[in-house]
Amino acid sequence: MNKALRQSTLLILTLLSLNARAADIFVSPKGNDANDGTKASPKATVNAALRQARELRRLNDPSVKGGIHIILAGGVYQLTEPVFIRPEDSGTADSPTCIEAVEGATPVLSGGVNVNGWKRAMGTIAGLPSIAKGKVWVSDIPAVGGQQLLFRQLWVNGKKAVRAREVDNDDLMARILSVDKAKQEMWIPAPNVKVDNVNGMEMVIHQMWAIANLRVKSLTVEGNKAKVTFHQPESRIQFEHPWPAAVIDKDHKQNGNSAFYLTNAIEFLNQPGEWYADSRTNKLYYWPRNGENMNIATVTVPALQTLLKISGTADRPVSYVYSKGIAFEYATWLHPSQQGHVPHQAGMYMTDAYKLKVPGTPDKKGLENQAWVGRPSAGVEVAYAHHTGFENCRFAHMASTGLDYQRGTHDDDIIGNLFKDIGGTGIQVGVFSDESMEVHLPYNPEDKREVCTNERITNNLINDVTNEDWGCVGIGAGYVKGINISHNDISEVSYSGISMGWGWTKLPNAMSDNLITANRINHYGKHLYDVSGIYTLSAQPGSVISQNYVDSLYKVAYAHDPHHWFYLYCDEGSSGFTVKDNWTPADKFLQNANGPDNHWVNNGPQVAQSIKQNAGLEPAYRGLLKYQDLNKQAPINYVGVDAKADKPQVIEVVAAEGKTVDADKVKDICMRNGIPVSSLYQWKNHLVLFGYIPGAERIQKQIKEALDKVEVKLYDSPYYTFSNKENCSGKVVKATEWDNIILTANLMDDRKKQQEYMDHHATQFTKWPEVAKGFCNASFQQLLAFRNGRQLMLIISIPRGESLDKLNPKTSENNPRVNDWNKLMSQYQEGITGTQKGETWVFLEHLDN
């Protein structure tokens, strides 16, 4: 073969090799769908590129042998309809379809519409507060498809603005006054301003582990209170459904009545960063924040609910289609504006729900309510697909769910993506309940292809999601099988970090073999309690929760039960779980009405630091952390801190002399009631539980029923309290974490001396101020003294890791009157049964976990 022929052959082989790699279809915002899709002549839309790819596959073009790459240039692709991927768009394992960004670019598929033509509002605007006059700008509400656009969100230069609301600080929300279910009326404190027209106004109510968005029908002010009624269908659902309901705290067992705020009235537009859309006048008003120039600002409102839809059927699924490096931004969700929004849990809104007059169903004899739910829309939705995936994508500025794998999917990958500024759940997977299926019924379809199986959700950063629907979660999984949720970093969520399961049932269902491992969950529980870093429901045999790092749960002033928060929480029906080696700051866990075969091993602060350090994003993905924003100024909950505010109590279990209390049974009761096992202390035949004990009388009864021949005593409230926070001033040590030292003794069997003892403690701060000063010098965080009959319980709280032997001498250092006090007290005290002669106070040892 001569040289020229050989070179020609090599060139042909090289070209064939390039063609065999893949078919490349280029897309650019500057392109044209009539173009041929080459780099020099790109398409303008992804849908047109998909059509071209579909034709290549239909005609079995040789170029698709190595796959199809739809390559997007940087810029914004303004969508007027969702990108729709069908079964005909499927690839194969050897020839996948990839929708990807040009290297170094960030193409944005946007469902938003820009609002232009802003001018400073002039003249009189009915209802606008005087403080806002001269500061508000106005534009026309955009029209889409010839109709005025309805929207619930607005962003200025990519930063979310606030729909005008009566109270801007959540901690200052008012509380409802009363609820009349029969009349479907609610009474609230009269608004701070007079509202002339309630058309479009909404009331957002804090309801335990969910919120409700109710469209206001009427608001009638009577003196300092107002009667509110709501539109249908949400009015019926709101007043009939029992769980979760608005709280009316008649017995003072909760944290007051439910908090609420009113929104979407021009009378509430009184702060920079707020907006109001007046549908009657077609005008949009906005009060710019500091530094925003409305002459050049980019103002965006969402017009599409779904930006990308991948959908096949069980028999003809979509397969082998991947998205890489794409941004999905600006998606709306209008259900709350059209029908209200009353969620059951995890954002699933109720279509019907009511309390049963006669409790019980064939599956659950004690069930006293029924509910049916719908599913919120998502910015990206996937159904009946397999071997699809999203890698290095961005999901942002969305009203509801970010990415939702709904049903009929398997072997998909969600890897290394950013989920930020999302109104609902970040990532959602699996069926929760079909709209025709009551939520407590176990989902177990005959066609197993319906079940989302073997999904991998790894190394995603999820930050500032659930910022509208507070009851949503970072990652939510319904009925799933073989799911792998690992190495994600979840923060700034209003409710739980990861929620997995549905149905509240111990019965067999579609779930099994699920894995939640090595995730980092922090700064969660921002608005709602009955909350956990990781939360589960129902039977899931073979499932494992391991090596996660859970920390920093927000302290919420208006939570319905300020103590009902947890780091790990297996709720009703949870069965078949191994919960092992999870790092948390304390063992504040809950097992509520669990089924069998759960195994809890080595969870809490004692877990190896390496597990804490390795949780969250793996090194290759930690660049995403530059997008993470944390509110490090907000208060965080700590177990055992500020116990005075928590109304701590003591339960003492006393076995017969020479016997010991069955600590394992008491531990089990603690776990089932959300009480840290680390709250247990023991001395000989005495076992003591100290801390906040929800329903202490109920716990006392449970222990009596579980253990034979024991005495169970409740020390309900302290007769003496010292608080570093309240009783010390100057440079004192205020610790965020405490160790508790527990001692017990008896008062002398002399009523007169007992009364003298109590009188001395009642006047100690005034007559013996040196004692409190000594406690301050020793860095004691708190002292509590309880009494039951003659027996005393003393709790000394010191900074975590310190030693009482080291600190106690400081109480009397240069402070001799403390010694006088101790000498005085000794004449009133003696040891309890079982102490040695001359022994008074005995120390209870912390019970090993």
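I will try to describe carefully the structure that is included in this document. Keep in mind that what you see is a predicted model, and the values were worked out from it rather than measured.

### Comments concerning the overall build of the protein chain
Point 1. In terms of regular secondary structure, the protein chain is built from 13 helices and 63 strands.
Point 2. A principal-axis box enclosing the C-alpha atoms of the protein chain has dimensions of 115 × 80 × 60 Å.
Point 3. When contacts within the protein chain are restricted to residue pairs at least 6 apart in sequence, long-range pairs at least 24 apart make up 76% of them.
Point 4. In the form shown here, the protein chain has an accessible surface area of approximately 36100 Å², with 49% of it arising from carbon and sulfur atoms.
Point 5. Seen as two clouds, the 88 positive and the 92 negative side-chain charges of the protein chain have centres 3 Å apart.

### A word on the packing of aromatic side chains
Point 1. Following the criterion strictly, the structure yields 27 aromatic pairs and no others.
Point 2. Note on tyrosine 549 and tryptophan 583: the rings are 5.2 Å apart at their centroids and 75° apart in plane angle, and the pair reads as edge-to-face. Taken together, the residues tyrosine 549 in strand β49 (residues 549-553) and tryptophan 583 in the loop between β51 (575-580) and β52 (589-591) connect sequence positions 34 residues apart. Assigned by exposure class, tyrosine 549 and tryptophan 583 land together as buried.
Point 3. Grouped by ring-pair contacts, the aromatic residues Phe328, Phe390, Phe395, Tyr405 and Phe419 constitute a single cluster.
Point 4. Over the face of the ring belonging to tryptophan 187 we find lysine 225, whose NZ or CZ atom lies 4.9 Å from the ring centre.
Point 5. Lying over the aromatic face of tryptophan 583, lysine 612 brings its terminal NZ or CZ to 4.0 Å of the ring centre.

### Description of the sheet that holds strand β29 (residues 348-355)
Point 1. A sheet is described by the order of its strands in space; here three strands give the open sequence β28-β29-β30, paired in antiparallel fashion. Two strands close off the open sheet at either side, each with one partner strand: β28 (343-345) and β30 (369-374). Each strand of the sheet is rotated relative to its neighbour by a mean of 55°, with strand direction disregarded.
Point 2. Two elements, β28 and β29, share two bridges in a ladder whose sense is antiparallel. Directly across from proline 343, in β29, lies its bridge partner tyrosine 349.

### Overview of empty space enclosed by the protein
Point 1. Counted under the stated rule, the structure contains two cavities of 30 Å³ or more.
Point 2. As a volume, the largest cavity reaches approximately 50 Å³.
Point 3. Surrounding the largest cavity, Tyr567, Pro585, Ala586, Tyr638, Val639, Glu737 and Arg800 form its lining.
Point 4. In the lining of the largest cavity, the residues fall into five nonpolar, no polar and two charged.
Point 5. A breakdown of the residues in the lining of the second largest cavity according to their chemical character gives five nonpolar, six polar and one charged.

### Topic: the sheet that holds strand β13 (residues 159-160)
Point 1. Spatial strand order, β7-β24-β12-β13: four strands in an open sheet with antiparallel pairing. Both edges of this open sheet fall to β7 (112-115) and β13, since each of them pairs with a single strand only.

### Looking at the packing of helix α9 (residues 751-762) against helix α13 (residues 817-826)
Two quantities define a packed helix pair, namely the angle between the axes and the distance from one axis to the other.
Point 1. Closest axis-to-axis distance for the α9/α13 pair is 10 Å, and the angle between their directions is 155°. Accordingly, the angle class assigned to the pair α9 and α13 is roughly antiparallel. Every residue of α13 that contacts α9 at Tyr757, His760 and His761 is listed here: Trp821, Leu824 and Met825.
Point 2. Taken together, the residues that form the contact of α9 with α13 break down as four nonpolar, two polar and no charged.

### So, the state of the cysteines
Point 1. Using the criterion set out here, one finds one disulfide in the structure.
Point 2. Linked covalently through their sulfurs, cysteine 728 and cysteine 776 form a disulfide whose S-S length is 1.9 Å. Every disulfide takes its handedness from the sign of the S-S torsion; for cysteine 728 and cysteine 776 that torsion is -95°, giving left-handed. A residue pair is termed long-range when its members are at least 10 positions apart, and cysteine 728 in the loop between α8 (724-727) and β59 (738-747) and cysteine 776 in helix α11 (residues 769-777) qualify at 48 residues. Each member of the pair, cysteine 728 together with cysteine 776, is buried.
Point 3. In this structure cysteine 393 is a free cysteine whose sulfur lies 11 Å from that of cysteine 98, the closest cysteine sulfur available.

### Some words on the pairing of strand β18 (residues 202-207)
Point 1. Burial analysis of β18 places six of its six residues in the buried class, the great majority of the element.
Point 2. By the alternation rule, side chains of β18 split into Glu202, Val204 and His206 and Met203, Ile205 and Gln207, which are all buried.
Point 3. Where β18 and strand β21 (residues 259-263) come together, four bridges link them in antiparallel fashion. Residue pairing in the sheet places methionine 203 in a bridge with leucine 262 of β21.

### A word on the pattern of salt bridges
Point 1. Under the counting rule described, the total for this entry stands at 35 salt bridges.
Point 2. Glutamate 572 serves as the salt-bridge partner of lysine 364, at 2.8 Å between the closest nitrogen and oxygen. With lysine 364 in the loop between β29 and β30 and glutamate 572 in the loop between β50 (565-570) and β51, this pair connects stretches of sequence that are 208 residues apart.
Point 3. Here arginine 407 ties to glutamate 450 by a salt bridge, and the two come within 3.1 Å at their closest N and O atoms. Remark: glutamate 450 occurs in the loop between β36 (427-429) and β37 (452-453) and arginine 407 occurs in strand β33 (residues 401-410); sequence separation between them is 43 residues.

### What about the nonpolar core?
Point 1. Ranked by internal contacts, the top residues of the largest apolar core, which has 112 residues, are Ile70, Phe328, Phe390 and Phe395.
Point 2. Of all hydrophobic cores here, the second largest spans 57 residues; its members include Ile125, Ala132, Val136 and Trp504.

### Things to note about α13
Residues spaced three or four apart along an α-helix face the same direction, because each turn holds 3.6 residues.
Point 1. Considered for burial, the residues of α13 that qualify are Val818, Trp821, Leu824 and Met825. All buried residues of α13 project into a common sector of 120° when viewed along the axis, lining one side.

### Observations concerning unusual backbone geometry
Point 1. Cis geometry marks the peptide bond from glutamine 232 to proline 233; its omega dihedral reads 10°.
Point 2. With respect to the element layout, proline 233 can be found in the loop between β20 (225-230) and α3 (234-240).
Point 3. Of note, the amide linkage connecting tryptophan 243 to proline 244 takes the cis form, showing an omega dihedral of -15°.
Point 4. By secondary structure assignment, the location of proline 244 is in the loop between α3 and β21.
Point 5. One non-glycine residue, asparagine 60, adopts positive backbone phi at about 55°.
Point 6. Topologically, asparagine 60 is positioned in the loop between α2 (46-58) and β2 (68-72).
Point 7. A positive phi angle, near 70°, is found at asparagine 264, a position not held by glycine.
Point 8. With respect to the secondary-structure elements, asparagine 264 resides in the loop between β21 and β22 (274-278).

Each value, and the rule that gives it
Residues numbered from 1 in each chain as written. Predicted model: local features only at pLDDT ≥ 70, side-chain atom pairs only at ≥ 80, totals over all residues. Heavy atoms only, no water. Helix = DSSP H or I, 4+ residues; strand = E, 2+ residues; numbered from the N terminus. Contact = heavy atoms within 4.5 Å. Areas by Shrake-Rupley, 256 points an atom, 1.4 Å probe, with all protein chains shown as cover. Lys, Arg positive; Asp, Glu negative; His and termini not counted. Charge placed at Lys NZ, Arg CZ, Asp CG, Glu CD. Phe/Tyr/Trp six-rings, centres within 6.5 Å; stacked < 30°, edge-to-face > 60°. Buried < 20%, exposed > 50% of the residue type's maximum accessible area, 1.4 Å probe, protein only. Lys NZ or Arg CZ within 6 Å of the ring centre and 35° of its normal. Pairing = 2+ DSSP bridges. Axes fitted to C-alpha atoms, helices over the stretch in contact; angles between N-to-C directions. 1 Å grid on protein atoms, 1.4 Å probe; cavity = no way out; pocket = protein on both sides within 12 Å on 5 of 7 lines; lining within 4 Å. Points joined across faces, edges and corners; volume = space filled by probe spheres on them. Nonpolar A, V, L, I, M, F, W, Y, C, P; charged D, E, K, R; others polar. Parallel < 35°, antiparallel > 145°, perpendicular 65-115°, else oblique. Disulfide = S-S within 2.5 Å. Salt bridge = Lys/Arg side-chain N within 4 Å of Asp/Glu carboxyl O. Core = buried A, V, L, I, M, F, W, Y, C linked by side-chain atoms within 4.5 Å. Arc of directions from axis to C-beta.

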